[in-house]
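Read off the chains here:
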Amino acid sequence: MRYTMAEAKRDFTNGHLVYWEIQRGILEPGWLVLFGEERRSDRSTAYYLVDARSKEPRRFKTLDAAVAAIEDIGFEVNILS
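The following paragraphs examine the structure supplied in this document. Because the structure is predicted, anything quoted here is derived from the model rather than measured.

Spatially, the three strands line up as an open sheet ordered 1-2-3, and their pairing is antiparallel. Sheet topology places strand 1 (17-24) and strand 3 (47-48) at the edges, where each strand pairs with a single neighbour. Bridging between strand 2 (residues 31-37) and strand 3 involves two bridges; their strand directions are antiparallel. Paired with Phe 35 across the bridge in strand 3 is Tyr 47.

Pasting the structure below:
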């Protein structure tokens, strides 16, 4: 599954999304945002934040933009480690 912003907001509000990750793009520059659900006990399954039109993973040019998207969904971001 992949999440658009609207779907991620909905599932965060419903308590299904419990963690987020930011990963550096491997083949293309930029940053990718991934989410994990409560029903998954391991972090091996994470879902990309995707563009609503193309359904391709959204690539953020800066970490600030990626964090802003995560906060817009409803997560509180206090530290990156």
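On to the nonpolar core. Counting 19 residues, the largest nonpolar core has Phe 35 and Leu 49 as its most contacted members. For this core, the secondary-structure elements that each account for two or more residues are helix 1 (5-13), strand 1, strand 2 and helix 2 (63-73). Setting aside chain neighbours within four positions, we find Leu 49 in contact with Tyr 3, Thr 4, Met 5, Val 33, Phe 35, Pro 57, Arg 58, Phe 60, Ala 69 and Ile 73.

Moving on, we come to the packing of helix 1 against helix 2. When two helices pack together, their arrangement is given by the angle between the helix axes and by the axis-to-axis distance. Put simply, helix 1 and helix 2 touch, their axes get as near as 8 Å, and they point 50° apart. In terms of orientation, helix 1 lies oblique with respect to helix 2. Residue-level inspection shows Met 5, Ala 8, Lys 9 and Phe 12 of helix 1 in contact with helix 2, the latter providing Ala 69, Asp 72 and Ile 73. Of the residues contributing to the contact of helix 1 with helix 2, the split by class is five nonpolar, no polar and two charged.

Before going further, it helps to examine the side chain of Glu 37. As for its position among the elements, Glu 37 is in strand 2. The exposure class assigned to Glu 37 is buried, which follows from its relative accessible area of 2%. Within the structure, Glu 37 has its side chain in polar contact with the side chain of Tyr 3 (distance 2.4 Å). Excluding its chain neighbours within four sequence positions, the residues that come into contact with Glu 37 are Met 1, Tyr 3, His 16, Leu 17, Val 18, Tyr 19 and Tyr 47.

Calculation criteria
- Residues numbered from 1 in each chain as written.
- Predicted model: local features only at pLDDT ≥ 70, side-chain atom pairs only at ≥ 80, totals over all residues.
- Heavy atoms only, no water.
- Pairing = 2+ DSSP bridges.
- Helix = DSSP H or I, 4+ residues; strand = E, 2+ residues; numbered from the N terminus.
- Core = buried A, V, L, I, M, F, W, Y, C linked by side-chain atoms within 4.5 Å.
- Buried < 20%, exposed > 50% of the residue type's maximum accessible area, 1.4 Å probe, protein only.
- Contact = heavy atoms within 4.5 Å.
- Axes fitted to C-alpha atoms, helices over the stretch in contact; angles between N-to-C directions.
- Parallel < 35°, antiparallel > 145°, perpendicular 65-115°, else oblique.
- Nonpolar A, V, L, I, M, F, W, Y, C, P; charged D, E, K, R; others polar.
- Polar contact = N/O pair within 3.5 Å; in protein donor to acceptor, adjacent residues only side chain to side chain.

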